[in-house]
Amino acid sequence: MIGKARITASVALAALLLAVVAPARAGVQMSTGIRYVYEGGSVDQCSQKAKSALNAYLQNATEKSPGSGEWLAYGKPNGQGQNTSAAIVRCALAPKGYVVTFTCAVQQPGSPFEADPLCLNIAHSFSGKTVTTLATPTPVPSGCSTTNLVGTWISDNNPKLVLTMDTEGGLTDPDGVSGNWYLAGTTVTLTYYGNKTLTLSADGKHMSGSGASYTRKC
Amino acid sequence: MAGTPRYRLALFTVAFGAFAALCTTAAPAAIDMAMGDKKTVTGQTDSDCNARAQSALTSLLQRPDEINPGEWRAYAHVEAPATPPQAASIHCYPIDNGYFVTFECAVEIPPSQMSAADLCTKLGAAFDAKQSAYGTGTTGGKK
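**Student:** Can you explain the overall build of chain B? Please cite residues and give values.
**Tutor:** A count of helical and extended segments in chain B gives three helices and seven strands. Starting at the N terminus, the α and β elements of chain B follow one another as α-β-β-α-β-β-β-β-α-β. By residue count, 38% of the 143 residues in chain B fall in the buried class. Of the contacts made within chain B by residues no fewer than 6 positions apart, 60% connect residues no fewer than 24 positions apart.

Right, here's the structure in full:
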């Protein structure tokens, strides 16, 4: 009887672990639909503008094959060395000139800007219209801000338990177990081995509640 | 001691917990984007291209949206609140005696196990596989 109870408890614990530490996955956002048709001009001329427009917002535009007029570029890698944005500009001969299409893709969440404004700005850069500045990655907040929990938190009960909280609401412990944080006013919700409700101190340096207590490195 | 049921159960619990934690730790995801080969089809109309584009996207992702005339986009089908790990677009453009069509694909790796290039290759094959309702046209890749 006791054995069955232990097995049930073990399975429940494992299921709980799976449920609470599963992080949200990023997805793809794609923009397409901008197409310019030029009467006159060559694919080579289109290529020059395509490469320039892509490099204005992304980097290292490369042509699929020399003279193809088909260009692909990726954005600057994020802090983890991963690409979160990319775009394709394709030039093709048309009956009286050339046609050019713009397709963009970004990772959301992850990219600091969305696919539509990226494509619109690349297209405007291509055509010489007014362009805007896209958002740049938000610098990681420093200090003990009271508007977020970003930073490193050390458990007051166990100095080896250090939680690293990121700008996207994620947290990770030294064992690689991940979870989430959410802050509303001074009420903190930690999803980490279950949901815990804590209160953030006025100086943003301490939080405690639900039997847990943490101090932030500032 | 090592062989007792209690010890084995404890070992199983610890191992399973560690496995669960390992499996659910997020790997860094990245965008992968690719363009498929451009195809030129002669003796056919825009309608043929649009029908093939819809069919190809539906077969690999889900029913597409027509963003503008001849410009199609579809995402992989996922249940909310999940976000789609794959997307593709197809552009149809008329020329004097037919049309040309291009394919663009983007995937998020992980979780997508298919690269953007593979998705575009499959999309091109699905486009070719859809028989025209207006007869046989000449389909060929043109890089």
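**Student:** For the overall build of chain A, give the residues involved together with the corresponding values.
**Tutor:** The number of helices and strands found in chain A is three helices and 13 strands. Relative to its full complement of 218 residues, chain A shows a buried share of 36%. Counting only contacts in chain A whose residues sit at least 6 apart along the sequence, the fraction spanning at least 24 positions is 43%.

**Student:** An account of the nonpolar core is needed here, citing residue identities and associated values.
**Tutor:** Ranked by size, the top nonpolar core spans 68 residues in total, and within it A:Leu54, A:Ala87, A:Ala105, A:Ile122, B:Cys105 and B:Ala106 carry the most contacts. Here A:Ala105 is in contact with A:Val28, A:Gln29, A:Met30, A:Ala86, A:Ala115, B:Ile31, B:Met33, B:Ala87 and B:Ala106, once residues within four sequence places are set aside. In terms of nonpolar packing, the next biggest core, distinct from the first, is built from 15 residues, A:Val150, A:Leu163, A:Met165 and A:Leu200 among them.

**Student:** I'd like a rundown of the environment of A:Thr199, residues and numbers included.
**Tutor:** Residues and elements named next belong to chain A. For Thr-199, the location among the structural elements is in strand β11 (residues 195-200). C-alpha of Thr-199 to C-alpha of Thr-189: the two residues are 10 residues apart in sequence and 8.7 Å apart in space. If sequence neighbours within four positions are ignored, Thr-199 has contacts with Thr-186, Thr-187, Val-188, Met-207, Ser-208 and Gly-209.

**Student:** How would you explain the sheet that holds strand β3 (residues 70-74) of chain A if you had to name every residue and give the values?
**Tutor:** All names here are of chain A. Strand order in the open sheet made by the five strands is β1-β5-β4-β3-β2, with antiparallel pairing throughout. Among the strands making up the open sheet, the edge pair consists of β1 (27-39) and β2 (59-63). Adjacent strand axes in the sheet meet at a mean angle of 15° when their direction is disregarded. As judged from the five bridges shared by β3 and strand β4 (residues 85-94), these two strands associate in the antiparallel manner. The partner of Glu-70 across the bridge, within β4, is Arg-90. Contacts from helix α2 (residues 43-57) reach β2, β3, β4 and β5 (97-108) within the one sheet, and its direction differs from that of β4 by about 170°. Relative to β5, helix α3 (residues 115-127) is tilted by about 150°, and along the sheet it contacts β1, β4 and β5.

**Student:** Quick rundown of unusual backbone geometry? Include the residues and the values.
**Tutor:** Among all residues save glycine, negative phi is the norm, and among peptide bonds the norm is trans. With an omega of -5°, the peptide bond between A:Gln108 and A:Pro109 qualifies as cis. Following the sequence through the fold, A:Pro109 ends up in the loop between β5 and α3. In the segment running from B:Pro110 into B:Pro111, the intervening peptide bond is cis, with an omega of 20°. Its identity as a non-glycine residue notwithstanding, A:Asn60 has a phi of 55°, on the positive side. For A:Asn60, a count of 11 C-beta atoms within 10 Å translates into the label exposed.

**Student:** Provide a residue-level description of α3(A), including the pertinent values.
**Tutor:** Residues and elements named next belong to chain A. In this model, α3 (13 residues) spans 18 Å end to end at C-alpha, consistent with the 18 Å of a helix rising 1.5 Å per residue. Among the residues of α3, those classed as buried are Ala-115, Leu-118, Cys-119, Asn-121, Ile-122, Ala-123 and Phe-126. Among the structural elements, β1, α2, β4 and β5 are those in contact with the buried residues of α3. After α3 finishes, the residue Gly-128 shows a positive phi value of roughly 85°.

**Student:** Give me the pairing of strand β6 (residues 151-155) of chain A: which residues, what numbers.
**Tutor:** All names here are of chain A. Pairing between β6 and strand β7 (residues 162-165): four bridges, direction antiparallel. Its bridge partner being in β7, Thr-152 is matched across the sheet by Thr-164. Counted between consecutive antiparallel strands, the loop separating β6 from β7 contains six residues. Sheet topology note: the β6/strand β13 (residues 212-216) ladder contains three bridges and is antiparallel. Bridge assignment links Ile-154 to a residue of β13, and that residue is Thr-215.

Rules and cut-offs
Residues numbered from 1 in each chain as written. Chains lettered and ligands numbered in written order. Predicted model: local features only at pLDDT ≥ 70, side-chain atom pairs only at ≥ 80, totals over all residues. Helix = DSSP H or I, 4+ residues; strand = E, 2+ residues; numbered from the N terminus. Buried ≥ 20, exposed ≤ 12 C-beta atoms within 10 Å, placed from the backbone. Contact = placed C-beta atoms within 7 Å. Core = buried A, V, L, I, M, F, W, Y, C linked by C-beta atoms within 7 Å. Pairing = 2+ DSSP bridges. Axes fitted to C-alpha atoms, helices over the stretch in contact; angles between N-to-C directions. Expected span 1.5 Å × (residues − 1).

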